[in-house]
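Geometric and topological summary
What follows is each chain in one-letter form.
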Amino acid sequence: MKNSIMKAGQGQGLFDCSGLTAYSGYFRDKNKLLASSSGGAAAVLSEAIIKEGGCVFGACYSSDFRSVEFACIERLEDLNRLKGSKYSDSVKRIFHDGKYTALWPYVSEKLSSGREVLFTGLGCDVAALRAFLRANHIDSANLFTVDLICYGPTLSGVHESFIDSLERKYNSRVKNFTVRYKKFGWVPPYVMAEFENGQEFCMKFYDSDYGKAFGLYARKVCYGCRFRGINHQSDITVGDYWGLRPEMSGYNPDGVSVLIIHNERGRELMDKINKDEFALMPADVSYIIQSNPMYYKPRGKPLDYEKFCGDLKRYGLHKALIIHDGGYLRIYAGKLARLIKSCARKILPSSLKRFIKRTFLHRN
Ligand SMILES: Cc1cc2nc3c(=O)[nH]c(=O)nc-3n(C[C@H](O)[C@H](O)[C@H](O)COP(=O)(O)OP(=O)(O)OC[C@H]3O[C@@H](n4cnc5c(N)ncnc54)[C@H](O)[C@@H]3O)c2cc1C
Ligand code: SF4
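What counts and what doesn't
- Residues numbered from 1 in each chain as written.
- Chains lettered and ligands numbered in written order.
- Predicted model: local features only at pLDDT ≥ 70, side-chain atom pairs only at ≥ 80, totals over all residues.
- Heavy atoms only, no water.
- Near = heavy atom within 4 Å.
- Polar contact = N/O pair within 3.5 Å; in protein donor to acceptor, adjacent residues only side chain to side chain.
- Areas by Shrake-Rupley, 256 points an atom, 1.4 Å probe, with all protein chains shown as cover.
- 1 Å grid on protein atoms, 1.4 Å probe; cavity = no way out; pocket = protein on both sides within 12 Å on 5 of 7 lines; lining within 4 Å.
- Sits in = over half its atoms within 2 Å of the grid points.
- Helix = DSSP H or I, 4+ residues; strand = E, 2+ residues; numbered from the N terminus.
- Nonpolar A, V, L, I, M, F, W, Y, C, P; charged D, E, K, R; others polar.
- Contact = heavy atoms within 4.5 Å.
- Phe/Tyr/Trp six-rings, centres within 6.5 Å; stacked < 30°, edge-to-face > 60°.
- Buried < 20%, exposed > 50% of the residue type's maximum accessible area, 1.4 Å probe, protein only.
- Lys NZ or Arg CZ within 6 Å of the ring centre and 35° of its normal.
- Axes fitted to C-alpha atoms, helices over the stretch in contact; angles between N-to-C directions.
- Parallel < 35°, antiparallel > 145°, perpendicular 65-115°, else oblique.
- Left-handed = near helix turned anticlockwise from the far one by under 90°.
- Points joined across faces, edges and corners; volume = space filled by probe spheres on them.

What follows is about the site of ligand 1. Close contacts around ligand 1 come from 35 residues, with Ser 36, Ser 38, Ser 85, Lys 86 and Asn 292 the closest. A distance of 2.7 Å separates a nitrogen atom of ligand 1 from a polar atom in the backbone of Lys 86. Within the backbone of Tyr 151, a nitrogen or oxygen atom sits 3.0 Å from a nitrogen atom of ligand 1. Within the complex, the protein chains bury 97% of what would otherwise be the 900 Å² of accessible surface of ligand 1. Placement of ligand 1 is best described as lying within the largest pocket. If you list the elements that add at least two residues to the shell around ligand 1, you get α2 (41-51), β2 (55-61), β6 (117-121) and β11 (236-240). Considering only residue class, the shell around ligand 1 consists of 15 nonpolar, 15 polar and five charged.

Laid out in structure tokens, this is it:
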């Protein structure tokens, strides 16, 4: 069992990580590095398992890009589907043989076939899988698990509403979408959509409605997330090495991952990494965690959380964000002006309307 006392009197109350080991790393191949969100740690571990004849479960977009679900990948050329963080909660289903099937029984089936299985997901996904396997007495000897440091996916509805608004604006279906496009490298992330009609949308993620919502609001359950610190149930946790500065050794402007090892199974999985393809270095676990506190503590809930959820349902994403920014007046003033105009049109005599137009609106 790992040492888990919260050290008192150290600013934000640091997590004692003395029982953990950590590495940092990135793909040496620039194209592979650009396809992943941080340094490609999840992808390189997935490659290792597939090369040994195993299969990898991970999150992908549904074919219409409106939701996030899971896929079971068996060929290296299909791994791109899993790459890239999806900031929306996943549906625990998998599309197989032309129909949807429940995720956990499908993972169990693969485990029972005797092949190595790597499951990648968020902390609560790994915990749910382990609970399912325990409850159904399924042997997990062939299982490796990797979870992500997790800020929490944004509210359900945000992702779909954003895709809807893009498709309306560009009058075409989305055929590719990412919230971690490395336009000028790792930071800042861009949200990018490609459409069937050949057009493209691209802007800084945190300037977009999606990015603002992700930064501010998570699913309610995520504010009390238990799958952190000593409660990570994965063999390895991966994330972005946010604390790494350009002048520090091991930095890559196109992204660097952290890998935090929890147990012997994690060390076994680490040994499978091809170091010629992935630049792997030991890293200072306490420094990593200090600059990425989501490893051990959940985010705080904003004061206007319930109100924003109501506004999101009532007005949609864009208007709800304007209201959050204190833009009530812009919404209500517009409504009031339209109401006054339509009343005036009905009530005022034509001669007075003509006078107002000529005098104040300079129209004949
Ligand atoms: C909602 C969310 C919040 C995050 N918050 C933080 C944070 O606060 N700090 C931090 O350092 N890192 C965070 N991450 C992780 C980070 O964004 C990268 O996913 C991580 O660095 C791994 O990058 P990579 O290059 O190794 O993975 P890639 O090669 O890009 O592969 C991505 C992997 O993530 C998995 N994945 C992506 N989206 C989801 C999802 N919605 N549900 C389940 N699995 C998913 C895929 O299965 C795949 O294995 C978060 C990720 C998500 C999805
Ligand atoms: S914050 Fe916790 S509960 Fe929410 S998605 Fe991440 S791991 Fe799951």
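Text resumes after the structure shown.
Turning next to the side chain of Glu 167. Mapped onto the elements of the fold, Glu 167 is located in helix α5 (residues 158-170). Here Arg 173 takes part through its side chain, which lies 2.9 Å from a polar atom of the side chain of Glu 167. Those residues in contact with Glu 167 that sit more than four places away from it in its chain are Arg 66, Ser 172, Arg 173, Val 174 and Phe 195.

What follows deals with the packing of aromatic side chains. What the rule picks out here adds up to 26 aromatic pairs. Between Tyr 61 and Phe 177, the ring centres sit 5.8 Å apart and the planes meet at 75 degrees, which makes this aromatic pair edge-to-face. Residue Tyr 61 is located in strand β2, and its partner Phe 177 is located in strand β8 (residues 174-181); the two are separated by 116 residues in the primary sequence. Neither Tyr 61 nor Phe 177 differs from the other in exposure class; each is buried. Its guanidinium or amino end placed over the ring of Tyr 61, Lys 86 lies 5.9 Å from that ring's centre, counting from NZ or CZ.

Close contact between helix α3 (residues 103-112) and helix α4 (residues 123-135) brings their axes to 10 Å; oriented N to C, the two are set at 65 degrees. If you check the angle between α3 and α4, you find them roughly perpendicular. The two elements α3 and α4 meet at a crossing, and its hand is right-handed. Counting all contacts with α3, which are made through Trp 104, Pro 105, Val 107, Ser 108 and Leu 111, the residues of α4 involved are Asp 125, Ala 128, Leu 129, Phe 132 and Leu 133. Broken down by class, the residue content of the contact of α3 with α4 amounts to eight nonpolar, one polar and one charged.

This next bit is on the site of ligand 2. All residues adjacent to ligand 2 are Leu 122, Gly 123, Cys 124, Cys 150, Gly 152, Pro 153, Arg 219, Cys 222, Cys 225 and Arg 228. When grouped by side-chain class, the residues that make up the shell around ligand 2 number six nonpolar, two polar and two charged.

This brings us to helix α10 (residues 317-324). Among the residues of α10, those classed as buried are Leu 317, Ala 320, Leu 321, Ile 322 and Ile 323. Following α10 by one or two positions, Gly 326 has its phi on the positive side, about 85 degrees.

A word on the layout of surface pockets. If you add up the space inside the largest pocket, you get close to 910 Å³. In this structure, the largest pocket is lined by 45 residues; those nearest its centre are Ser 85, Tyr 87, Leu 148, Ile 149 and Arg 180. Of all the elements in the fold, those that place two or more residues in the lining of the largest pocket are α2, β2, β3 (68-73), β6, α6 (209-216) and β11. The dominant element in the lining of the largest pocket, judged by the number of residues it contributes, is α2, at four residues. Its residues assigned to classes, the lining of the largest pocket shows 21 nonpolar, 18 polar and six charged. Along the wall of the second largest pocket there are 23 residues; nearest its centre are Asn 80, Lys 83, Asn 176, Phe 177 and Thr 178. Only α1 (30-35), β2, β8 and β9 (190-195) provide two or more residues apiece to the lining of the second largest pocket.

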